[in-house]
Amino acid sequence: MLDSLKIKETSRNVTPGEGGRLASLSEVHSSITVPEGAGFWRKLMAFTGPGLMVAVGYIDPGNWATDIEGGSRFGYTLLSVILISNLFAMLLQHLSLKLGIASGRDLAQACRDYYSRPVSFVLWILSEIAIAATDLAEVIGSAIALNLLFGLPLPVGVVFTALDVLLVLYFQQKGFRIIESIVAGLMGIILLSFIYEMILSQPSIAGIVDGLIPRTQIVTDSGMLYIAIGILGATVMPHNLYLHSSIVQTRAYNRNDEGKKSAIRFATIDSTVSLALAFFINASILILAATAFHANGHFEIADITDAYHLLDPVLGVGLAGIFFALALLASGQSSTLTGTLAGQIVMEGFLNIRLKPWLRRLITRGIAIIPALIVSSLYGEKGTADLLVFSQVILSLQLSFAVVPLVFFTSNSNIMGRFANSRFLTVLACVITLIIISLNLFLLWKTFF
């Protein structure tokens, strides 16, 4: 079985289905030209895009609640947790892109190639649950944003999110660069919104620097530890590992060792810089909560809606809440685009089944809309906030089932050839995996018991 995963040298124009193996996202595989003989910056621009698409998953609405609660309750103290979580994410996303480039298989395809059919089927079910949970967070986040900006009732906002199916399908037909550009634009809106919020709130620079230093108090204080684990659990997203291993293959780099080495280098730069932006945004949410709420005696703000309504009076500026809600809407919509692609990658990779994009999108969004619509209709804002937290608990449970295969595959020279992880990187990845699994299990235990 390992032989089926050995690196197979292909020409630049890979033919989908050659050798009985469909290329990952075959309709856009190797569709973006990488200029040969170009300088560093032109090549980097050619590889820029997948990192941003992955980064939006780290700032989706599911992250907001934990960051807001952490900042309002404990000030800047948990900034170090956001930093550590993003460092973990940078390493895991590097492994993901390296798997895609070196083996020519995305993570879902690699699982299908290596594991038995029953194991692959179980992993597929678990990954679909993770994607549904991610989509649920996007639906709720977008509905809350529409409610805050335009006064739409939450159930109406939930239904309204179904319309983005048409937008996703339209832009998919225009080419992969268009989707990357849209995500980059939405990311820019989020970034500019929080730069504006930071200027308004005028946070303590000394407090921020101090918060970036890990404290033993985070471990000894049970309340602080619980939120810290929630931040970690909401940061590393399992569907992003499947997504990244696929979309890096949209670049038309030479499928030889030298071409793969160069592709891994530029894709890693793209990924690391993009995740650094995601770190700034996540940190900004916590810093804003610490400055606007914790410093003014509001210690129990854990709800996005409450945060929105308090920003204007606390900061004394009428536009603060609007920019906050606008960033939330952009976060939900950008995550929608990447979640759709991740769903396609997972289904095609695990099952080798290709559904029409509109059908795949309707199934995924339908699974998310039904519980969101029921809860928002029966329980209102409080119910949707609890459902948002629950979606993050589900993601925490699924994470290890994506991380463990990823670390195993990228450490295996039969699969990766000369690009297999070094012994140091393997040990580091295993330690990070054990930390993530242990903390997420603890989070789940605390949540349910």
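Residues numbered from 1 in each chain as written. Predicted model: local features only at pLDDT ≥ 70, side-chain atom pairs only at ≥ 80, totals over all residues. Heavy atoms only, no water.

1. Concerning the overall build of the protein
Check the secondary structure of the protein and you find 19 helices and two strands. Here the protein holds 449 residues, and 58% of them are scored as buried. A total accessible area of about 17600 Å² is found for the protein, and carbon and sulfur atoms account for 68% of it. (Helix = DSSP H or I, 4+ residues; strand = E, 2+ residues; numbered from the N terminus. Buried < 20%, exposed > 50% of the residue type's maximum accessible area, 1.4 Å probe, protein only. Areas by Shrake-Rupley, 256 points an atom, 1.4 Å probe, with all protein chains shown as cover.)

2. Focus on the environment of Ile 370
For Ile 370, the position within the fold is in helix α17 (residues 357-410). For the pair Ile 370 and Val 159, spaced 211 residues apart in sequence, the C-alpha to C-alpha distance is 9.3 Å.

3. Points about the packing of aromatic side chains
On inspection of all chains with the given rule, the structure shows 12 aromatic pairs. For the pair Phe 40 and Phe 266, a centre-to-centre distance of 5.4 Å together with 45° between the ring planes defines the contact as tilted. In this pair, Phe 40 is assigned in helix α1 (residues 40-47) and Phe 266 in helix α14 (residues 257-292), connecting sequence segments 226 residues apart. Looking at Phe 266, the relative accessible area reads 3%, which means it is buried. Each ring, one from Tyr 114 and one from Phe 409, has its centre 5.8 Å from the other, and the planes form 75°; the classification is edge-to-face. Here Phe 409 lies in helix α17 and Tyr 114 lies in helix α5 (residues 107-114), a separation of 295 residues in the sequence. What makes Tyr 114 partly exposed here is its relative accessible area of 26%. If you follow Arg 255 out to its NZ or CZ, it ends over the ring of Tyr 253, 3.7 Å from the centre. Here Arg 265 stacks its cationic end above the ring of Phe 266, 5.1 Å away from the centre of that ring. (Phe/Tyr/Trp six-rings, centres within 6.5 Å; stacked < 30°, edge-to-face > 60°. Lys NZ or Arg CZ within 6 Å of the ring centre and 35° of its normal.)

4. Section: the nonpolar core
One finds Leu 78 and Phe 324 to be the most contacted residues of the largest nonpolar core, which totals 124 residues. Here this core gets 16 residues from one element, more than from any other, and that element is α14. Setting aside anything within four residues of it in sequence, one finds Leu 78 in contact with Gly 70, Ile 218, Met 224, Ile 227, Ala 228, Ile 231 and Leu 286. Counting residues in hydrophobic clusters, the runner-up holds five residues, among them Ala 130, Ala 133, Ile 394 and Leu 395. (Core = buried A, V, L, I, M, F, W, Y, C linked by side-chain atoms within 4.5 Å. Contact = heavy atoms within 4.5 Å.)

5. Some thoughts on the environment of Gly 75
Topologically, Gly 75 is positioned in the loop between α3 (61-74) and α4 (79-103). Each C-alpha atom, one on Gly 75 and one on Thr 291, is 7.3 Å from the other, the two residues being 216 residues apart in sequence.

6. A short note on α5
Within α5, six of the eight residues are buried, leaving the element largely enclosed by the surrounding structure. When α5 is considered as a whole, its buried residues turn out to be Leu 107, Ala 108, Gln 109, Ala 110, Cys 111 and Asp 113. You can read the cap of α5 off the contacts: a side-chain oxygen lies 3.0 Å from the backbone nitrogen of Ala 108, and it is on Asp 106. (Polar contact = N/O pair within 3.5 Å; in protein donor to acceptor, adjacent residues only side chain to side chain.)

7. Quick word on a nonpolar patch on the surface
Together, Phe 390, Phe 442, Trp 445, Phe 448 and Phe 449 line one region of the surface with nonpolar side chains, adding up to about 610 Å² of accessible area. Examining the composition of the nonpolar patch, we find that three residues originate from one element, helix α19 (residues 423-448), more than from any other. (Patch = residues over 30% accessible without salt bridge, like charges linked within 9 Å, V, L, I, M, F, W, Y side chains within 5 Å. Salt bridge = Lys/Arg side-chain N within 4 Å of Asp/Glu carboxyl O.)

8. Here we look at α4
The terminal C-alpha atoms of α4, which comprises 25 residues, lie 36 Å apart, in line with the 36 Å expected from a rise of 1.5 Å per residue. Counting buried residues along α4, 22 of its 25 residues qualify, which places the element largely inside the surrounding structure. Positive backbone phi, approximately 75°, marks Gly 104, located one or two places after α4. (Expected span 1.5 Å × (residues − 1).)

9. What about the packing of helix α9 (residues 176-201) against α14?
At a closest axis distance of 10 Å, the pairing of α9 and α14 adopts a crossing angle of 35°. By crossing handedness, the relation of α9 to α14 is classed as left-handed. The residues of α14 that touch α9, namely those facing Met 187, Ile 190, Leu 191, Phe 194, Ile 195, Glu 197, Met 198 and Ser 201, are Ser 274, Leu 277, Ala 278, Phe 280, Ile 281, Ser 284, Ile 285, Ile 287, Leu 288 and Thr 291. (Axes fitted to C-alpha atoms, helices over the stretch in contact; angles between N-to-C directions. Left-handed = near helix turned anticlockwise from the far one by under 90°.)

10. Some details on the confidence of the model for the protein
Here the protein averages 82 in pLDDT, and 86% of its residues register 70 or above. Low confidence marks residues 1-20, where pLDDT is under 50. Its contacts with residues over four positions away, or in another chain, come to 42 contacts. (pLDDT = per-residue confidence, 0-100.)

11. Quick word on the side chain of Gln 109
With respect to the helices, strands and loops of the structure, Gln 109 is situated in helix α5. Those residues in contact with Gln 109 that sit more than four places away from it in its chain are Leu 22, Ala 23, Ser 24, Gly 104 and Gly 349.

12. Brief notes about the side chain of Ser 127
In this structure, Ser 127 sits in helix α6 (residues 117-150). Residue Ser 127 is classed as buried on the basis of its relative accessible area, which comes to 5%. One polar contact links the side chain of Ser 127 to the main-chain carbonyl oxygen of Trp 124, over a distance of 2.7 Å. Discounting residues that sit within four places of it in the chain, Ser 127 has contacts with Tyr 242, Val 346 and Phe 350.

13. Looking at the pattern of salt bridges
Taken as a whole and assessed by the stated rule, the structure comprises five salt bridges. Through salt bridges that share partners, Arg 177, Glu 180 and Arg 251 make up one connected network.

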